[in-house]
Amino acid sequence: GVGLALCQRLLEEDGRIHLCIACRNAQKSEATRDLILAAHPNAQVSTVEVDLGNLASVLRVARELRCRFKRLDFVYLNAGIMPNPHVNFKALWHGLLTGRLLHMLTTAEGVMTQTDRLNGDGLQEVFATNLFGHFILVRQLEALLCGNEKPSRLIWTSSSNARESAFSLSDYQHAKGKESYSSSKYATDLTSVVLNRKFNKQGLYSSVVCPGLVMSNMTYRILPVFLWKLLMPIMWLIRFFAKTYTLTPYNGAEAHVWLFKQKPEYLDELVKYHSCTSGLGKSYVEPRKIDVDEETAEKLYEKLLELEKQTLERYSDLLD
């Protein structure tokens, strides 16, 4: 997916960097490392095993990273799940009749629903994996991210599907709704905005990106693979009208790589950077204002801190 393409593209930009790739499956992690080294045999690539949807796993990997590294220059927060996705074909038909079909196809607004569940920590699984696990990881790695000679960067993989209408501060884990993915990505946007307010003066900067519609393991769960293959020629044509149809992981990583080359002090904290691809296949980055209410962002951040305090009391043995 986008993670592997990003690793390969970062090494194309600077072969001197040390990549540490994180996967929840150790075998997959080593296989990914082998793929990267096959193309870049001199690269420095290490691995860690972590499940972002499991707080004990997050705390263990944070402790391991604090032992292995003195600082982290970039943390790409790319892990995400979309369990049991369903397409609302009735909504698509209505979109066709009302002239909103292209908008729905590029944002998945009203098109996708998911069935969420509680994880082993008693949290909604999508919220825990897509946002809260990352939040805890960042909090646990502050010593490696703040106060360095050069700024450190957090780059979150968000989505054009991040919508305020799917998010509720009173149900920020989205236990009562059917659009948990959209809610978690909107919460990601809110969190990034507040992190900049809290940590820019300490040399830590946060950005959000959208990889566009990428054909990956997550996408293939929405429809059967054979149907995606039948639809691919149509999707290539749609790209002439919908520039966020990046389709390949390489194209989807465009905004991630572009941010790697920017000075964070000059970036707008209220902008999401979208990977885009023209109909003729040229990749580029398009900045778009994030539709966030900054007061809501602050309130969500306080709720995340409160939840952090509650959950970490169970794992005191994993804390320094």
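What you see is a predicted model; the values in this text were computed from it and never measured.

Reading the values: the criteria
- Residues numbered from 1 in each chain as written.
- Predicted model: local features only at pLDDT ≥ 70, side-chain atom pairs only at ≥ 80, totals over all residues.
- Heavy atoms only, no water.
- Buried < 20%, exposed > 50% of the residue type's maximum accessible area, 1.4 Å probe, protein only.
- Helix = DSSP H or I, 4+ residues; strand = E, 2+ residues; numbered from the N terminus.
- Pairing = 2+ DSSP bridges.
- Phe/Tyr/Trp six-rings, centres within 6.5 Å; stacked < 30°, edge-to-face > 60°.
- Lys NZ or Arg CZ within 6 Å of the ring centre and 35° of its normal.
- Expected span 1.5 Å × (residues − 1).
- Core = buried A, V, L, I, M, F, W, Y, C linked by side-chain atoms within 4.5 Å.
- Axes fitted to C-alpha atoms, helices over the stretch in contact; angles between N-to-C directions.
- Right-handed = clockwise from strand over helix to strand, strands pointing away.
- Parallel < 35°, antiparallel > 145°, perpendicular 65-115°, else oblique.
- Contact = heavy atoms within 4.5 Å.
- Nonpolar A, V, L, I, M, F, W, Y, C, P; charged D, E, K, R; others polar.
- Salt bridge = Lys/Arg side-chain N within 4 Å of Asp/Glu carboxyl O.

J.: Which residues make up the pairing of strand E8 (residues 271-277), and what values go with them?
T.: Burial analysis of E8 places seven of its seven residues in the buried class, which makes it a mostly covered element. Neither face of E8 is open: one carries Val271, Tyr273, Ser275 and Thr277, the other Lys272, His274 and Cys276, and all of them are buried. Looking at chain direction, strand E7 (residues 204-210) and E8 are connected through three bridges and run parallel. Bridge pairing links Cys210 to His274 in E8. Note: E8 against strand E9 (residues 283-289), seven bridges, orientation antiparallel. Within E9, the position partnered with Thr277 by the bridge is Ser283.

J.: Residue-level account of the packing of aromatic side chains, with values.
T.: Scanning the model with the defined rule gives eight aromatic pairs in all. Note on Phe74 and Tyr76: the rings are 6.1 Å apart at their centroids and 10° apart in plane angle, and the pair reads as stacked. Grouped by ring-pair contacts, the aromatic residues Phe127, Phe132, Phe135, Tyr172 and Tyr301 constitute a single cluster. Above the face of the Tyr250 ring, Arg9 is positioned so that its terminal group lies 4.2 Å from the ring centre.

J.: Which residues make up helix H8 (residues 180-199), and what values go with them?
T.: Between its first and last C-alpha, H8 extends 28 Å over 20 residues, near the 28 Å set by a 1.5 Å rise per residue. Counted residue by residue, H8 has 18 buried out of 20 residues, so it is predominantly covered.

J.: Pulling in residues and values, what's your account of the nonpolar core?
T.: A general trend in soluble globular proteins is that nonpolar side chains are found buried together. Membership of the largest hydrophobic core comes to 52 residues, with the highest contact counts inside it found for Phe132, Leu141, Leu145 and Leu154. Sort the elements by how many residues they give to this core and helix H6 (residues 125-140) lands first, with eight residues. Within the second largest apolar cluster, 26 residues are counted, among which are Leu6, Ala255, Leu267 and Tyr273.

J.: Could you give an account of the sheet that holds E8, with specific residues and numbers?
T.: With mixed pairing, five strands are arranged side by side in an open sheet as E3-E6-E7-E8-E9. Among the strands making up the open sheet, the edge pair consists of strand E3 (74-77) and E9. Looking at each pair of strands side by side, their axes are set apart by 25° on average, direction ignored. Sheet topology note: the strand E6 (residues 152-157)/E7 ladder contains six bridges and is parallel.

J.: I'd love a proper account of the pairing of E7, names of residues and values included.
T.: Counting buried residues in E7 gives seven out of seven residues, a clear majority hidden from the surface. Here E7 shows a buried face lined by Leu204, Ser206, Val208 and Cys210 and a second buried face lined by Tyr205, Ser207 and Val209. Regarding the hand of the β-α-β motif, the stretch spanning E6, H8 and E7 is right-handed.

J.: Before we move on, could you go through the packing of H8 against helix H13 (residues 294-312) and cite the residues and values that matter?
T.: Between two packed helices, both the angle of their axes relative to each other and the distance between the axes serve to describe the pair. The interhelical angle for the contact between H8 and H13, taken along N-to-C directions, is 85°, at an axis separation of 8 Å. As summarised for this structure, H8 and H13 are arranged roughly perpendicular, according to the angle between their axes. Facing Ala187, Leu190, Thr191, Val194, Leu195, Arg197, Lys198 and Phe199 of H8, the residues of H13 in contact are Glu294, Thr296, Ala297, Glu298, Leu300, Tyr301 and Leu304. Broken down by class, the residue content of the contact of H8 with H13 amounts to nine nonpolar, two polar and four charged.

J.: Which residues make up the pattern of salt bridges, and what values go with them?
T.: For the structure shown, the criterion picks out 17 salt bridges. Across the pair Lys261 and Glu13 runs a salt bridge, and its minimum N-O distance is 3.7 Å. Separated by 248 residues along the polypeptide, Lys261 in the loop between helix H12 (254-260) and E8 and Glu13 in helix H1 (residues 2-13) bring together distant segments of the chain. Residues Glu286 and Lys243 are paired through a salt bridge, measuring 2.7 Å at the closest nitrogen-oxygen approach. Of the two residues, Glu286 sits in strand E9 while Lys243 sits in the loop between helix H10 (225-238) and helix H11 (249-252), which places them 43 residues apart along the sequence. Residue Glu286 is classed as buried on the basis of its relative accessible area of 18%. For Lys243, a relative accessible area of 32% gives the class partly exposed.

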